[in-house]
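What follows is each chain in one-letter form.
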Amino acid sequence: MAVITVTNLQKRFNLEAGFFARFGRFVYAVNGVSFSIGKNETYGLVGESGCGKTTTARLLVRMYESDGGTILFQDTTDINALNPGELKKYREKVKYVFQDPARSLNPRMTIYEVLVSGYRRSSRWPGERRGRKEAEAIMEEVGLGRADLERRPAEFSGGQRQRISIARGLLMAPDLLICDEVVSALDVSIQGQILNLLLDIRSRRNLSFLFIAHDLKVAGYFCDRIGVMYRGELMEEAPAGDLYRAALHPYTRLLFSAVTGAAAEAPSGATEVRKAVTQLTGCAFAERCPLAEERCFREHPEMRDLGGNSAPSPPGNRHPHRLRCFKAGAP
Ligand SMILES: Nc1ncnc2c1ncn2[C@@H]1O[C@H](COP(=O)(O)OP(=O)(O)OP(=O)(O)O)[C@@H](O)[C@H]1O
Ligand code: SF4
Ligand SMILES: [Mg+2]
C-alpha cells in the first residue's frame, strides 16, 4: 500500500500582481510530477534551489492548492477533495518539519506548549496528564530531557531546535513525516547527528518519510528511493542504490559530479543555480545539457519506465528506474 500517491501534480505561480495578473506570466513551479511513497519507505526529493521541492511538499499538505493532478492518501483519500474538518484530521497524519527551526518555533512558548498546542486542539488529545507523559517520552526519543519542556526555543542551539521540531512532528504518531531540508541550515557535524537521529526514528517506528534535500549525498545516505527534480519536473527516479550505481539522466550526473568534485565533467553553465520556468517547450534541461540535440529544444520528453531493478529496499516493494530524457538510457 502506498501512503501517498501523487499523479501529474501541477502548480504555477503568477509572476505579476494586481491588474497585471490578467496578462499571466507564470512560474511553473511544479509541472506534471508523479511519484508514490510506500508504507515505511523513505522517499527523497533532490534538486537545486528553486526546482520545486518545497512547493511539491506544501501541495501534499494543502498549504498550497494545486492547479491540477491528484494526491491520494493511503490509496483512497483524495486530498484535494477534503473539507476543512477532514483536512485537519489528515494533517494529523501527515506532518511537516521545516528547514529553519528558529523561525518555525514560537519564541514566546515553552517547549511543552510548542509540542502540544496542535495536539491539544485535536480530537486525539488524551488529556493534560497523558499528554505531558507523551511529550516527555518524545523529548527523550529525540535526545533531549523532560526538564527541557519548561524552557523556551531561544535557550537551545540550532541542532537542538531541530530535534524539537522533529519531536513536534512525531508527537501525534503520523504516517508520513515530511522533512524539508531539515539539516541544511546546520553545521556539517550537527547534520550528521540529526541524520542519525532520523535513522533511529526510522528503524523504531512505522513511518514513511518524504525527505527533501538539495544534496544528493545526504539524500543517498538516508533514502530508499530518490526522485531528482529540475525546474518543476521529475527527471529521474530510482532506488537510491541504483541511482548511485547507474545514474542515467544528464542532470543527475551533473549533481553527482558536483558531489564527487569531478567538476571537469560538468558542462558549461553548470554553475547556474536558478532560472524559473516561464514557458513550456522542449526539455527543461536542454540549455545546460551536454547531450542536447535539436529535438530537445522542440519536444518535451515524457517520463518512461526502464523496467525492474536490483535494489533490495524497500522489502517486497520493487520499483522501476524512471527517466525523462530522449537520449539517456535509450535502447
Ligand atoms: N509563493 C510563491 N509565489 C511565487 N513564486 C513562488 C512561490 N513559492 C515558490 N515560488 C517559485 O516556485 C519555484 C519553486 O520554488 P520552491 O520553493 O518550491 O523550490 P525549492 O526546490 O524548495 O528550492 P529551495 O531549495 O531554495 O528551497 C521557484 O521559482 C520559486 O521562486
Ligand atoms: S532530453 Fe535532451 S536535453 Fe533533455 S536531458 Fe535528455 S538529452 Fe538532455
Ligand atoms: Mg525549499
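The shown structure was predicted, so the numbers you read here are calculated from the model rather than taken from an experiment.

Undergrad: Can you walk me through the layout of surface pockets in this structure?
TA: To locate leftover empty space, one rolls a probe as large as a water molecule over the atoms. The volume enclosed by the largest pocket comes to roughly 660 Å³. Around the largest pocket, the lining is made up of 25 residues, and of these R91, K95, G118, R121 and R168 lie nearest the centre. Of all elements in the fold, only α2 (84–93), β6 (94–97), α4 (111–120) and α6 (158–170) reach the threshold of two or more residues within the lining of the largest pocket. Per-element tally for the lining of the largest pocket: the top contributor is α4, with 5 residues. Of the residues contributing to the lining of the largest pocket, the split by class is 12 nonpolar, 7 polar and 6 charged.

Undergrad: Even after reading the chapter, I still don't get the confidence of the model for the protein chain, so can you show me in this structure?
TA: Detail in the predicted coordinates should be disregarded across regions flagged by low pLDDT. A residue-level look at the protein chain finds 88% of positions with pLDDT of 70 or above and a mean pLDDT of 89. In this model, residues 262–274 is a region of pLDDT below 50 whose contacts with residues beyond four sequence positions or in other chains number 17 contacts.

Undergrad: Teacher, can you tell me more about the environment of R253 here?
TA: Relative to the elements of secondary structure, R253 occurs in helix α10 (residues 250–260). Residues R253 and L243 lie 10 residues apart in sequence; the distance between their C-alpha atoms is 9.5 Å. Excluding residues that lie within four positions of it along the chain, R253 makes contacts with A247 and L248.

Undergrad: Hey, could you run me through a positive patch on the surface in this one?
TA: Taken together, the side chains of K88, K89, K93 and R121 define a basic patch exposed on the protein surface. You can see K89 is positioned in helix α2. On the basis of relative accessibility, which here comes to 45%, the residue K89 falls in the partly exposed class.

Undergrad: Looking at this structure, how should I read the packing of aromatic side chains?
TA: Aromatic rings considered in pairs are described by the distance between their centres and by the relative angle of their planes. Applying the stated criterion across every chain, the model contains 12 aromatic pairs. Where Y96 meets F98, the ring centres are 4.6 Å apart and the plane angle is 20°; that geometry is what we call stacked. Given a relative accessible area of 12%, Y96 falls into the buried group. Judged by its relative accessible area of 26%, F98 is partly exposed. Their ring planes at 50° and their centres at 4.7 Å tell us that F211 and F222 sit as a pair that is tilted. Of this pair, F211 sits in strand β8 (residues 208–213) while F222 sits in helix α8 (residues 216–222), and the two are 11 residues apart along the sequence. Taking relative accessible area as the criterion, F211 reaches 1% and is therefore assigned buried. Take F222: its relative accessible area is 0%, and that puts it in the buried class. Lying over the aromatic face of Y112, R132 brings its terminal NZ or CZ to 4.0 Å of the ring centre.

Undergrad: I'm lost on the site of ligand 1 in this one. Help?
TA: Within the structure, ligand 1 sits among 15 residues, and S49, G50, K53, T54 and T55 are positioned closest to it. Within the contact set of ligand 1, an oxygen atom lies 2.9 Å away from a side-chain nitrogen or oxygen of K53. One of the side-chain nitrogen or oxygen atoms of T54 is found 2.8 Å away from an oxygen atom of ligand 1. Compared with its free state, where it exposes 630 Å², ligand 1 has 69% of that area covered by protein. Secondary structure elements with two or more residues in the shell around ligand 1: β2 (26–38) and α1 (53–60). Ranked by residue count, the leading element in the shell around ligand 1 is α1, at 3 residues. For the shell around ligand 1, the class distribution of residues is 6 nonpolar, 5 polar and 4 charged.

The rules behind each value
Residues numbered from 1 in each chain as written. Chains lettered and ligands numbered in written order. Predicted model: local features only at pLDDT ≥ 70, side-chain atom pairs only at ≥ 80, totals over all residues. Heavy atoms only, no water. 1 Å grid on protein atoms, 1.4 Å probe; cavity = no way out; pocket = protein on both sides within 12 Å on 5 of 7 lines; lining within 4 Å. Points joined across faces, edges and corners; volume = space filled by probe spheres on them. Helix = DSSP H or I, 4+ residues; strand = E, 2+ residues; numbered from the N terminus. Nonpolar A, V, L, I, M, F, W, Y, C, P; charged D, E, K, R; others polar. pLDDT = per-residue confidence, 0-100. Contact = heavy atoms within 4.5 Å. Patch = residues over 30% accessible without salt bridge, like charges linked within 9 Å, V, L, I, M, F, W, Y side chains within 5 Å. Areas by Shrake-Rupley, 256 points an atom, 1.4 Å probe, with all protein chains shown as cover. Salt bridge = Lys/Arg side-chain N within 4 Å of Asp/Glu carboxyl O. Lys, Arg positive; Asp, Glu negative; His and termini not counted. Charge placed at Lys NZ, Arg CZ, Asp CG, Glu CD. Buried < 20%, exposed > 50% of the residue type's maximum accessible area, 1.4 Å probe, protein only. Phe/Tyr/Trp six-rings, centres within 6.5 Å; stacked < 30°, edge-to-face > 60°. Lys NZ or Arg CZ within 6 Å of the ring centre and 35° of its normal. Near = heavy atom within 4 Å. Polar contact = N/O pair within 3.5 Å; in protein donor to acceptor, adjacent residues only side chain to side chain.

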